[in-house]
Each structure stands twice: as structure tokens, then as C-alpha cells.
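One letter stands for each residue in the lines below.
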Amino acid sequence: MLRGVTKVKRKGWCIAILSSFLIVMLAVFATPWPLLAKLLVIDHTPEKVDVLIALGGGSERERYAAELYRLGFAPGIIMSGCGKAARHMAKEAIRLGVKEQDIIIEEKSRSTYENALYSRDILSAQNFKSAIVVTSPYHMRRTKLVFERVFKNTGVKLLYCSTRDSGFNADGWCRSEKDRQVVRREYIKLIYYWMRYW
């Protein structure tokens, strides 16, 4: 038991040290913001799949999932979020033309990892073999890392399609302080997720 506690503490210190190092590096040296922003983004060409998975955290996510649904890329959408957020996503999608019976609400998730975990359970229960994961561009690198980990050996084909109107890095140069804060936060979260789940 003591060994397990020591391991957790050591991991916590490693996360703190690596995060602090990253912050210092980004603050002191000339940061290649456009490159760092670009590396966060993954955007596959949509294909027909069994279901769409829209992650909570930004209203553009359910809007884009609804658009893909209307275009015929999938017959249904999993709205994966925390409590009221998932239900709000579903209401917005219905307003945009998605049939209520084509929406599955997953409202237990409190993190990207849990989005993947609970979505995997739904896909398994429904015998779905393919899905498009929809989230914001800056969130997609971490999302893909987590989903690939959670869905490993399931045989499910996953595609990752970034939203079109998140406003992130709209100029392609990551000039705004808001975009740079998003980039800093995402890389810190990537380190945290890597240390915790890998």
C-alpha cells in the first residue's frame, strides 16, 4: 500500500516539474506559436460511420456534429458531457434538425478520459464498429491520444473531425494572447494525461 502511495506522489511531482519546465520554456524562449498550435490539430476527412461522438466543452461541437448528421455521415450522435451540459448539447442538436431518437446522451463524463471510457461502453453495447469524434481543433490531439488508448484492441474504427467555427488560431499564426493561453493549457494537459494514463 505504501509503495502505491509513494508511486502516486512521485508521479505528482514529475507532473509538477514537467509542467513548470514547460511554462518556463514557453515564457523565456522565442516560442514557435504557429507550429505549436498546428500540432494540436487533427482533422480527418469525414466518412460514413455508425455513430458520431460530440464531446462537451464548446457549443460549436454539437453544431458540427449536427451538420455531419444532416449530411448523412452517421445515423446518430452520442452527446458526451457532464450532466446538464450533455442534455443542453442534445437540445441544441435537435433545434438544428437532429431527430431526438437519434441522440444518445452520455452525461457521466467529467474529463476527456471519461468521454472516451463511457463512449466505448456505449459503442460496445450498441455493437457500433466505427465513429467520428467531434471536438474543437485545439482539443483534438489530446482527444485522439486518449481515445486511441481507451479503444485499443476493440476493433472500432475512429475518425477525428475538428469543428469549423471554434475561433481558435483563425489567422494561422496564433498571434492572440487568448490562443496562446489555449496552447499553453493544452500542452500542460497533454503532459498530465501522458503521465497519468500512459
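Given the structure is predicted, the values throughout are model-derived calculations rather than measurements.

Trainee: So what's going on with helix 3 (residues 59-70)? Which residues, and what values?
Mentor: Here helix 3 is twelve residues long and its end C-alpha atoms lie 17 Å apart, about the 16 Å a rise of 1.5 Å per residue gives. What helix 3 keeps buried is the set Glu60, Arg61, Glu62, Tyr64, Ala65, Ala66, Leu68 and Tyr69. Along its buried surface, helix 3 packs onto strand 1 (51-55), strand 2 (77-80), helix 4 (84-95), strand 4 (130-135) and strand 5 (157-162). Gly72 sits one or two residues past helix 3 and shows a positive phi near 90°.

Trainee: Which residues make up the sheet that holds strand 4, and what are the values?
Mentor: One open sheet holds the five strands; their spatial order is 3-2-1-4-5, and the pairing between them is parallel. Here the strands that pair on one side only, and so sit at the sheet edges, are strand 3 (103-106) and strand 5. Averaged over all neighbouring strand pairs, the angle between strand axes comes to 20°, with direction disregarded. Note: strand 1 against strand 4, four bridges, orientation parallel. From the neighbouring strand, Ile53 faces strand 4, where its bridge partner is Val133. Against the sheet, helix 6 (residues 140-150) engages strand 1, strand 4 and strand 5, with an angle of about 170° to strand 5.

Trainee: So what's going on with unusual backbone geometry? Which residues, and what values?
Mentor: A positive phi angle, near 60°, is found at Asn127, a position not held by glycine. Its place among the elements puts Asn127 in the loop between helix 5 (112-126) and strand 4. You can call Asn127 exposed: its relative accessible area is 52%. Positive phi, close to 55°, is recorded for Cys174, a residue that is not glycine.

Trainee: Which residues make up the pairing of strand 4, and what values do they have?
Mentor: Within a regular strand, the side chains alternate between the two sheet faces. When you tally the buried positions in strand 4, you get six out of six residues, the bulk of the element. The alternating pattern of strand 4 places Ser130, Ile132 and Val134 and Ala131, Val133 and Thr135 on opposite faces, both of which are buried. Pairing of strand 4 with strand 5 involves six bridges; the strand directions are parallel. Pairing of Ile132 across the sheet is with Leu159, part of strand 5. A crossover links strand 4 with its parallel partner strand 5, the connecting element being helix 6, and its sense is right-handed.

Trainee: Go over the packing of aromatic side chains with me, naming the residues and quoting the values.
Mentor: Applying the stated criterion to the full structure yields three aromatic pairs. For the pair Tyr138 and Phe168, a centre-to-centre distance of 5.6 Å together with 65° between the ring planes defines the contact as edge-to-face. Of this pair, Tyr138 sits in the loop between strand 4 and helix 6 while Phe168 is found in the loop between strand 5 and helix 7 (177-197), placing the two residues 30 residues apart along the sequence. Judged by its relative accessible area of 17%, Tyr138 falls in the buried class. Taking relative accessible area as the criterion, Phe168 reaches 10% and is therefore assigned buried. Residues Phe147 and Phe151 carry aromatic rings whose centres are separated by 5.7 Å and whose planes lie at 10° to one another, so their mutual orientation is stacked. Exposure class is identical for Phe147 and Phe151. Each is buried. Taking the ring centre of Tyr193 as reference, the NZ or CZ of Arg142 above it sits at 5.0 Å.

Each value, and the rule that gives it
Residues numbered from 1 in each chain as written. Predicted model: local features only at pLDDT ≥ 70, side-chain atom pairs only at ≥ 80, totals over all residues. Heavy atoms only, no water. Helix = DSSP H or I, 4+ residues; strand = E, 2+ residues; numbered from the N terminus. Expected span 1.5 Å × (residues − 1). Buried < 20%, exposed > 50% of the residue type's maximum accessible area, 1.4 Å probe, protein only. Contact = heavy atoms within 4.5 Å. Pairing = 2+ DSSP bridges. Axes fitted to C-alpha atoms, helices over the stretch in contact; angles between N-to-C directions. Right-handed = clockwise from strand over helix to strand, strands pointing away. Phe/Tyr/Trp six-rings, centres within 6.5 Å; stacked < 30°, edge-to-face > 60°. Lys NZ or Arg CZ within 6 Å of the ring centre and 35° of its normal.

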